[in-house]
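# Chain and residue survey
The chain contents come next:
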Amino acid sequence: MIYPVILAGGKSVRFNSEKSKVLHDLLGKPVIFYILDALRELNFEKIFVISGKNHEELIKSLPPYVAVMEQKVPLGTGDAVRVALEHIESGEIFILPGDAPLLRAQTLKKLLEKHTKERNACTFLTATLKDPTGYGRVIRKNGKPVRIVEEIDATEKEKEIKEVNAGVYIFKAEILKEIILDIKPDNKKGEYYITDCIEILSLKKEKIDTLTLNDPEEMLGINTREDYEKVFKILKERIIKKWMENGVTITEKESIYIESEVEIGKDTIIYPMVYLMGKTKIGKKAKIGPFVTIKDSIIKDEEEIMGPCIIKGDS
């Protein structure tokens, strides 16, 4: 049994918001829903989310298949995982960040397959970045990962390493339960890091391996408003590219806004300054725009909607 655990208890200090950053809207749905949807695509029916001060907010906002568990005191990722382990006896624990909406389901599937095939104690995602500033570096010995050092604790030589930790791990739950209490807060933040488990496992001669992301953009997290803007642009481009590959003509993609739940039929033309929002469904061979906003509405096959106008459904 594999238990997905999403870490979503961050205080959102750098995001500077009264609302949890993982619940901010991103192209039509909350940030955390992207990782939830990726896990559901892999047929996970039960998902754990670790909350912090946002506990009640998450309970009200997340779907019923999500079990929200509270980390009452923010002592770091290692302590957050310990909370989850109180509810997991055996199997595998799949740890993911709640603020990384660009992670693809196929990437997560590859990581799971590698972990299962190799029978590792831990398998985690990494990426190679031109500028690794701000990320934990992956320390290797004879080609094998033996440690992850956070940027704040890294030496100048370690900061030169380009391979970084992407924050996604699969552990054998029984082994993790044995070592989780060995984590010590002997770092500059005074927190319990889940990353310290890599060194502990290495010293115990347990089998550890990594999967390197082909597309490093997948690991981008949202810590600041600037991060949000970067992720927004990438996700918007993905959505537009998907519809173009599915036979939709988009005449000026820079001015188009299409949310994640929108559906568009083949051979439809989307003209400049069009905003498609919510659960909107557009049929085949339609013509939309310019200067049209449609939200939660159904547009029939071959229908033409010319602007300026706003169309809103009941949902």
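I will try to describe carefully the structure that is included in this document. These numbers were taken from a predicted model, which means no experiment stands behind them.

A word on the sheet that holds strand S19 (residues 292-295). A sheet is described by the order of its strands in space; here four strands give the open sequence S13-S16-S19-S22, paired in parallel fashion. Two strands close off the open sheet at either side, each with one partner strand: strand S13 (257-258) and strand S22 (309-312).

A separate point is the packing of aromatic side chains. Taken as a whole and judged by the stated rule, the model has eight aromatic pairs. Ring centres of Tyr-3 and Phe-48 lie 6.3 Å apart, and the angle between their planes is 40 degrees; this geometry places the pair in the tilted category. Taken together, the residues span a long stretch of sequence, with Tyr-3 in strand S1 (residues 2-7) and Phe-48 in strand S4 (residues 47-51) at a distance of 45 residues. We classify Tyr-3 as partly exposed; its relative accessible area is 21%. The buried category is assigned to Phe-48, whose relative accessible area is 11%. What links up through ring pairs into an aromatic cluster is the set Phe-15, Tyr-228, Phe-232, Tyr-257 and Tyr-275. One residue, Lys-29, lies across the ring of Tyr-34, its end atom 4.5 Å from the ring centre. Sitting above the plane of the Phe-15 ring, Arg-225 keeps its charged end 4.2 Å from the centroid.

The rules behind these values
Residues numbered from 1 in each chain as written. Predicted model: local features only at pLDDT ≥ 70, side-chain atom pairs only at ≥ 80, totals over all residues. Heavy atoms only, no water. Pairing = 2+ DSSP bridges. Helix = DSSP H or I, 4+ residues; strand = E, 2+ residues; numbered from the N terminus. Phe/Tyr/Trp six-rings, centres within 6.5 Å; stacked < 30°, edge-to-face > 60°. Buried < 20%, exposed > 50% of the residue type's maximum accessible area, 1.4 Å probe, protein only. Lys NZ or Arg CZ within 6 Å of the ring centre and 35° of its normal.

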